[in-house]
Amino acid sequence: MSSENTATAATPEVGDATAAPQTDAVTTDGAVTPDGDAAAPAGGVSKAMIADVEEAMKDVVDPELGINVVDLGLVYGVHVDDENVATLDMTLTSAACPLTDVIEDQTRQALTTGPGGGLVNDIRINWVWLPPWGPDKITDEGRDQLRSLGFNV
């Protein structure tokens, strides 16, 4: 989901965009921010694109609702550093959710495994609580999925 930003709990933003051709990063609220340096990262490590990380995160499913964390609006921001480590700012529907380990394991699986070793080398998750999650963060696709399960959203 920004050019070289350090996300804080109060300012969810999207992480660094790409290592290849210069592109724009798109924040979770749809704003477009220009990516900075389009040069290859130090050490020749190829960085994952934010859009690819977001797409892979659709494989991470909230165990209670059965909807992916992206469409639920639980991913507040993504940053990929020069070492190809993804840092995700995420929240949960409730601070008391006992399933953070399950979501972390699914995230690691979705982003670090697969052909060629995975999309990123490693992950970090910053669990943030500001701004608080609410149903307004659910995407239209997520709303459709919840309606199909009988939720009134």
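Below, the structure is looked at part by part. In this text the structure is predicted, and so the values were computed from the model without any measurement.

## Remarks on the pairing of strand 5 (residues 122-127)
- Bridge count for strand 4 (residues 85-90) against strand 5 is 6 bridges, and the pairing is parallel. Across the sheet, residue Ala 86 finds its bridge partner in strand 5, namely Ile 123.
- A crossover links strand 4 with its parallel partner strand 5, the connecting element being helix 2 (residues 100-112), and its sense is right-handed.

## Concerning the nonpolar core
- Ranked by internal contacts, the top residues of the largest apolar core, which has 26 residues, are Val 53, Met 57, Leu 88, Met 90 and Leu 111.
- Secondary structure elements with two or more residues in this core: helix 1 (50-57), strand 3 (75-80), strand 4, helix 2 and strand 5.
- Beyond its immediate stretch of four places on either side in the chain, Met 90 contacts Met 57, Val 69, Leu 74, Val 75, Tyr 76, Ile 103, Ile 125, Asn 126, Trp 127 and Val 128.

## Regarding the sheet that holds strand 3
- Pairing within the open sheet is mixed, and its 3 strands lie in the order 3-4-5. Strand pairing shows two members of the sheet lacking a second neighbour, strand 3 and strand 5, which therefore form its edges. Across the sheet, the axes of successive neighbouring strands diverge by a mean angle of 20°, strand direction being ignored.
- Taken together, the 5 bridges between strand 3 and strand 4 define a ladder with antiparallel strand orientation.

Scoring rules and cut-offs
- Residues numbered from 1 in each chain as written.
- Predicted model: local features only at pLDDT ≥ 70, side-chain atom pairs only at ≥ 80, totals over all residues.
- Heavy atoms only, no water.
- Pairing = 2+ DSSP bridges.
- Helix = DSSP H or I, 4+ residues; strand = E, 2+ residues; numbered from the N terminus.
- Right-handed = clockwise from strand over helix to strand, strands pointing away.
- Core = buried A, V, L, I, M, F, W, Y, C linked by side-chain atoms within 4.5 Å.
- Buried < 20%, exposed > 50% of the residue type's maximum accessible area, 1.4 Å probe, protein only.
- Contact = heavy atoms within 4.5 Å.
- Axes fitted to C-alpha atoms, helices over the stretch in contact; angles between N-to-C directions.

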